[in-house]
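# Reading the structure
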Amino acid sequence: MQISMTVNGEDITREIEPRVLLVHFIRDVLRLTGTHWGCDTSNCGTCVVLMDGLPVKSCTVLAAMADGHAITTVEGLATGGTLDPVQQGFMEEHGLQCGFCTPGMMLTARALLDRNPHPDDGEIREAISGQMCRCTGYATIVRSVKWAAEHPAAQETTGEEVTA
């Protein structure tokens, strides 16, 4: 079957088998390997991408279900060579260790900040509650999201790089 969608701002059309999961479509067909595949049971959250701005676990979504939708992967967060504030926050506050959960965490954080630009610690923890990190203990992840909330300058779509 043929599907069409927008991935990281680019319109794409591909022929797929109807049973292909979105995570495999993104990784194997589009070769965007920032989306990780972890548990295959929707428990860990490493496969989170944004579909129309909302976090979805791509291991539970058929690629065909994404037909006509906008998908954002971690590769689509940076714009014009400038890191998204969430990406920068994870760097500044050491929100990653092994990095396996990081893409899904960052996309979930981006969705949270898009709907709530000033979340408190509890709201951040609730937003990321569907994702597992076995390395950080979550404190640095929460600090990373708070950093991004306090530094939204790179979110402006002026096309110019933001310097601090």
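Everything quoted here is computed from the prediction, not taken from an experiment.

### Things to note about the side chain of Thr 102
Topologically, Thr 102 is positioned in helix α3 (residues 102-115). Beyond its immediate chain neighbours, meaning those up to four positions away, Thr 102 contacts Phe 90 and Leu 96.

### Considering the nonpolar core
Soluble, globular proteins show a tendency: their nonpolar side chains are buried together. Formed by 22 residues in total, the largest nonpolar core has its most connected members in Val 86, Phe 90, Met 105 and Val 145. No other element matches α3, which puts 7 residues into this core. Residue assignment places this core across two domains, with domain 1 (2-76) and domain 2 (85-152) each supplying three or more. Apart from residues lying up to four places away in sequence, Val 145 is in contact with Phe 90, Ala 109, Leu 112, Leu 113 and Ile 124. By size, the runner-up hydrophobic cluster in this structure holds 17 residues, among which are Leu 22, Leu 30, Leu 32 and Val 61.

### Section: the packing of α3 against helix α5 (residues 139-150)
The N-to-C vectors of α3 and α5 enclose an angle of 40 degrees; their axes lie 11 Å apart at closest approach. Our classification of the angle between α3 and α5 gives oblique. You can see that α3 and α5 cross each other, and the crossing is right-handed. Each of Met 105, Ala 109, Leu 112 and Leu 113 in α3 lies in contact with α5, whose residues at this interface are Ile 141, Val 145, Ala 148 and Ala 149. Per-class residue counts for the contact of α3 with α5 are 8 nonpolar, no polar and no charged.

### A short note on α3
Across its 14 residues, α3 extends 20 Å between first and last C-alpha, which sits within 8% of the 20 Å expected from 1.5 Å per residue. Of all 14 residues in α3, 12 are buried; the element is thus mostly enclosed. Along α3, the positions that sit buried rather than exposed are Thr 102, Pro 103, Gly 104, Met 105, Met 106, Leu 107, Thr 108, Ala 109, Arg 110, Ala 111, Leu 112 and Leu 113. The elements touched by buried residues of α3 are β3 (48-51), β4 (54-57), β5 (70-72), α2 (85-92), α4 (121-127) and α5.

### Concerning the pattern of salt bridges
When the charged atoms of two side chains lie near each other, side chains of opposite charge can form a pair. On inspection of all chains with the given rule, the structure shows 5 salt bridges. For the salt bridge of Arg 19 with Glu 17, the shortest nitrogen-to-oxygen distance reads 2.9 Å. Residue class for Arg 19 comes out exposed when judged on its relative accessible area of 65%. Between Arg 110 and Asp 84 there is a salt bridge whose closest N-O contact spans 3.0 Å.

### Regarding the packing of α2 against α5
For any two helices packed against each other, one specifies the crossing angle of their axes together with the interaxial distance. Between α2 and α5, the shortest axis-to-axis distance is 8 Å and the interhelical angle comes to 135 degrees. By the angle between their axes, α2 is oblique relative to α5. Read as a crossing pair, α2 and α5 show a hand that is right-handed. Of the residues in α5, those in contact with Pro 85, Val 86, Gln 88, Gly 89, Phe 90 and Glu 92 of α2 are Ile 141, Ser 144, Val 145, Trp 147 and Ala 148.

About the criteria used
Residues numbered from 1 in each chain as written. Predicted model: local features only at pLDDT ≥ 70, side-chain atom pairs only at ≥ 80, totals over all residues. Heavy atoms only, no water. Helix = DSSP H or I, 4+ residues; strand = E, 2+ residues; numbered from the N terminus. Contact = heavy atoms within 4.5 Å. Core = buried A, V, L, I, M, F, W, Y, C linked by side-chain atoms within 4.5 Å. Buried < 20%, exposed > 50% of the residue type's maximum accessible area, 1.4 Å probe, protein only. Domains from an automatic or database assignment. Axes fitted to C-alpha atoms, helices over the stretch in contact; angles between N-to-C directions. Parallel < 35°, antiparallel > 145°, perpendicular 65-115°, else oblique. Left-handed = near helix turned anticlockwise from the far one by under 90°. Nonpolar A, V, L, I, M, F, W, Y, C, P; charged D, E, K, R; others polar. Expected span 1.5 Å × (residues − 1). Salt bridge = Lys/Arg side-chain N within 4 Å of Asp/Glu carboxyl O.

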